[in-house]
There are 2 protein chains.
Amino acid sequence: MSEKTTIYDIAKALNITAATVSRALNNNPKISQATKKLVLETAAKMNYKQNKLALALKSGRSNTVGVIVPYIDRNFFSSIIRGIEEELYPLGYHVIICQTHEEEGTEIDNINALLNAQVDGILMSVSKHTTQLDHFDHVLKKGVPLVFFDRKKDIKGVSTVTIDDFEGGYTATKHLIEQGCKRIAHLSGDRSLEIYKHRYEGYKKALEDFGLKVNKDHVVQCKNDIAAGHKAIDKFMKLDHRPDAIFSSSDFLALGAIQQLKKNGIKIPEEFCVVGFSNEPFTKFMELSISSVDQSPVLMGNTAAKVFLEQVKDSNVKIEKKVVLSPKLKIRKSSSRS
Amino acid sequence: MSEKTTIYDIAKALNITAATVSRALNNNPKISQATKKLVLETAAKMNYKQNKLALALKSGRSNTVGVIVPYIDRNFFSSIIRGIEEELYPLGYHVIICQTHEEEGTEIDNINALLNAQVDGILMSVSKHTTQLDHFDHVLKKGVPLVFFDRKKDIKGVSTVTIDDFEGGYTATKHLIEQGCKRIAHLSGDRSLEIYKHRYEGYKKALEDFGLKVNKDHVVQCKNDIAAGHKAIDKFMKLDHRPDAIFSSSDFLALGAIQQLKKNGIKIPEEFCVVGFSNEPFTKFMELSISSVDQSPVLMGNTAAKVFLEQVKDSNVKIEKKVVLSPKLKIRKSSSRS
DNA sequence: TTGTAAGCGTTATCAT
DNA sequence: ATGATAACGCTTACAA
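Residues numbered from 1 in each chain as written. Chains lettered and ligands numbered in written order. Predicted model: local features only at pLDDT ≥ 70, side-chain atom pairs only at ≥ 80, totals over all residues. Heavy atoms only, no water.

Once the charged atoms of two side chains with opposite charge are near each other, the side chains can pair. Under the definition given, this model contains 26 salt bridges over all chains. Here Glu178(B) makes a salt bridge to Lys174(B), at a shortest N to O gap of 3.5 Å. Of this pair, Glu178(B) and Lys174(B) are both found in helix α8 (residues 165-178), four residues apart, which corresponds to roughly one turn of the helix. Lys174(B) gets classed as partly exposed once you look at its relative accessible area, which sits at 31%. Ionic contacts of the salt-bridge type, sharing partners, join the residues Asp73(A), Arg82(B) and Glu86(B) into one network. (Salt bridge = Lys/Arg side-chain N within 4 Å of Asp/Glu carboxyl O. Helix = DSSP H or I, 4+ residues; strand = E, 2+ residues; numbered from the N terminus. Buried < 20%, exposed > 50% of the residue type's maximum accessible area, 1.4 Å probe, protein only.)

So this is what it looks like as structure tokens:
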């Protein structure tokens, strides 16, 4: 069954040596055209396939990169992976994927497993609950290029690809102000994560720049799900001074908020505007489509892959590159008054 | 920098031989507790990491599987991959992913690349445009387990994990009939693909069973996108005998249809019911949530992984397993009259 | 209990 | 232009 043809089989069949076969296969100049042709033909005939494992062991390069994300079935992450794969596959790289489930322990496991697998690089988005940094140093010490995308930690020698979350928050908030909203609330994820902190800061700055005050009651930190969006609105409804718009750092929160606003009979966008973040597919499919900040995940994946390639090109030169992509606000019905 | 510790380094440090180190590391019984402890300690101290590549080359097993899908950022597929990863990772397997972009040529490339990488198995969903089967035989001839999920070809020796598309079509159509719909149309993808053919057949059978006739004008074969849904409705509107429901073999088609029905002022579900297929995330988020047939992709991934594991357990026994999962109809507003 | 040595499939450095 | 051989890091008979 398992007919594995090696260069030795070809060599034997041709009464030459494996070295010659290898040379023929790798179009090494030191070989006659005649034998080269012969080798190529018999190789095809015997259905020879190069064993990349042996090559990897020999060369020390596996032509494989590891990608670590919290969950692979989240659109944002799978789109990034798509971007990475499409950039790297044509160059002969394989992409191994791991999920952390947002757990630090699993993240550490993943990294170790990938190092064991001798990957040529690790591209990852840091888990929400990661506090230690030892495992990253570990990677660097082994000389394996490490690239963070979206969620990063500040570590010397590690390149990052992120979007400008501050700008995203600023642009979204500015847009709401321009729609005539005066009391703009903010729903955010855990602000110990940089991305949420920056979105919040962008929001604050926009309010400031346009002479609006930040109302503490209007800033809510919560989980990234629909139910949390409901709860946030319930809370707002009890306020004397209710908001008339929300900039949400998550589309799911935004969706939950919209659902609950409707339940309270509030008209969107006439009485209340909402902008989300991430441009999840569903935001544009809704009848009341939701404005959202797009993070161009595929481009982020492409870019992360390119940064990795630069890194690997000059392994002697230590490159630390910080690429910041611009987010794009997608204006839809949930915030279009004009 | 690149401090790669091997068992030889440990051996040297301890004045013993690499074989002994290996034994200690693999808790081989033939070793004294003393040296074993010593080895383990120094291994930890020297930060030893086993090189899986060397192991793979030696053992002939890479502990890696390849997964091939059309696009990784389609929710259905990324969920399957999640299911595969979660089943296989705890057993020490890595998952390499490839995208075909629905092209046969790329599919063949992917398979060859994975074989070169010495994967222990290939789990895949066949590309829409695949007509040749040689590359699959190729895999089998190498003795590499092959498992198809969702989109399959009938090949001897290949296990498959699918859902019962006939049942999905039947259940959805029956549900529409029970809602009182009398003129149920069907939007389908390319029926040269088994999955769409079976959904169509389930639809037909349900109509038959309940004494309804199939109206040829009500069966449309088209692309799986929103625009095609619009067009289908436009066509239906010109008919004398208009349908009063749609069973669509795609959620995107269903969404397009709903959008266009609304444009025509038709009330859903009162005047017209719609059921889609795949249970895309957006279907349940819509204000007018869309009924859909769920394919339980994570379970499908889990199952595909398990089937692979059985295959690999007894590599001498040729197992050909056909697992068919039951689809679950999710009834939502777009078809809830009661 | 430990050491020796072969082998997994390549490529690269020598010779020839 | 080709052959012989070592090396990549590991496991595993076989010997001691």
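In this section: the pairing of strand β9 (residues 273-277) of chain A. For a regular strand, the rule is simple: side chains alternate between the two faces of the sheet. Residue and element names in this part refer to chain A. Along β9, five of the five residues are buried, which leaves the element largely enclosed by surrounding structure. Pairing of strand β8 (residues 245-248) with β9, which is carried by three bridges, proceeds in the parallel orientation. The residue of β9 that forms the bridge with Phe247 is Val275. (Pairing = 2+ DSSP bridges.)

A few words on unusual backbone geometry. Residues and elements named next belong to chain A. For the peptide bond that leads from Ile268 to Pro269, omega is 5 degrees, which places it in the cis range. When you line up the elements, Pro269 lands in the loop between α11 (251-263) and β9. One non-glycine residue, Ser278, lies in positive phi territory at about 120 degrees. Among the secondary structure elements, Ser278 is positioned in the loop between β9 and α12 (281-285).

When chain A is brought onto chain B, the operation consists of a screw motion whose angular component is 180 degrees and whose axial shift is 0.1 Å, with 0.1 Å RMSD remaining. Here the symmetry operator amounts to a two-fold rotation axis. Interface overlap between copies: 100% of the residues of chain A at the interface are likewise at the interface in chain B, consistent with a symmetric, same-surface contact. (Least-squares fit on C-alpha atoms with pLDDT ≥ 70 in both. Contact = heavy atoms within 4.5 Å.)

In the region of DNA strand C, 26 residues are neighbours, and Ser22(A), Lys58(A), Thr20(B), Arg23(B) and Lys58(B) sit closest. Counting only the atoms of DNA strand C within 4 Å of the protein, the fraction contributed by sugar and phosphate is 59%. One nitrogen or oxygen atom from the side chain of Asn26(A) is found 3.3 Å from a phosphate oxygen belonging to DNA strand C. One nitrogen or oxygen atom from the side chain of Thr35(B) is found 2.7 Å from a phosphate oxygen belonging to DNA strand C. Counting residues per element, the ones that place at least two in the surface near DNA strand C are α1 (7-14), α2 (18-25) and α4 (52-59) of chain A together with α2 (18-25) and α4 (52-59) of chain B. For the surface near DNA strand C, the per-class residue count stands at 10 nonpolar, 10 polar and six charged. (Near = heavy atom within 4 Å. Polar contact = N/O pair within 3.5 Å; in protein donor to acceptor, adjacent residues only side chain to side chain. Nonpolar A, V, L, I, M, F, W, Y, C, P; charged D, E, K, R; others polar.)

What follows covers the protein's contact with DNA strand D. Close to DNA strand D lie 26 residues; Thr20(A), Arg23(A), Thr35(A), Tyr48(B) and Lys58(B) are nearest. Among atoms of DNA strand D positioned within 4 Å of the protein, sugar and phosphate together represent 61%. Within the backbone of Thr17(A), one N or O atom sits 2.9 Å away from a phosphate oxygen of DNA strand D. Within the contact set of DNA strand D, a phosphate oxygen lies 2.8 Å away from a side-chain nitrogen or oxygen of Gln50(B). Residue assignment for the surface near DNA strand D shows that the elements contributing at least two residues are α2 and α4 of chain A together with α1 (7-14), α2 and α4 of chain B. Of the residues contributing to the surface near DNA strand D, the split by class is 10 nonpolar, 10 polar and six charged.

Residues and elements named next belong to chain B. Burial of strand β11 (residues 322-325) is one-sided: the residues Val323 and Leu325 facing one way are buried, the residues Lys322 and Val324 facing the other way are not. Two strands pair when backbone bridges link them, and strand β5 (residues 159-163) and β11 are joined in this way by four bridges, in the parallel orientation. Looking at β11, one finds that Val161 is bridged to Val323.

Residues and elements named next belong to chain A. It is at 7 Å that the axes of helix α10 (residues 226-237) and α11 come closest, and there the two elements cross at 50 degrees. Comparing the axis directions of α10 and α11 gives the class oblique. Seen along the crossing, α10 lies across α11 with a hand that is right-handed. Residues Ile226, Ala228, Gly229, His230, Ile233 and Asp234 of α10 form the contact with α11, whose participating residues are Phe252, Leu253, Leu255, Gly256, Ala257, Gln259, Gln260 and Leu261. Classifying every residue of the contact of α10 with α11 gives eight nonpolar, five polar and one charged. (Axes fitted to C-alpha atoms, helices over the stretch in contact; angles between N-to-C directions. Parallel < 35°, antiparallel > 145°, perpendicular 65-115°, else oblique. Left-handed = near helix turned anticlockwise from the far one by under 90°.)

Another point: the sheet that holds strand β4 (residues 146-149) of chain A. Taken together, 12 strands build an open sheet; the order of strands is β11(A)-β5(A)-β4(A)-β3(A)-β1(A)-β2(A)-β2(B)-β1(B)-β3(B)-β4(B)-β5(B)-β11(B) and the sheet is mixed. Edge positions in the sheet fall to β11 (322-325) of chain A together with β11 of chain B, since each of these pairs with one other strand and no more. Ignoring which end each strand starts from, the neighbouring axes of this sheet average 20 degrees apart. Taken together, the three bridges between strand β3 (residues 121-124) of chain B and strand β4 (residues 146-149) of chain B define a ladder with parallel strand orientation. Paired with Leu123(B) across the two strands is Val147(B), which belongs to β4(B). Contacts from helix α7 (residues 134-141) of chain A reach β3 (121-124) and β4 of chain A within the one sheet, and its direction differs from that of β4(A) by about 140 degrees.

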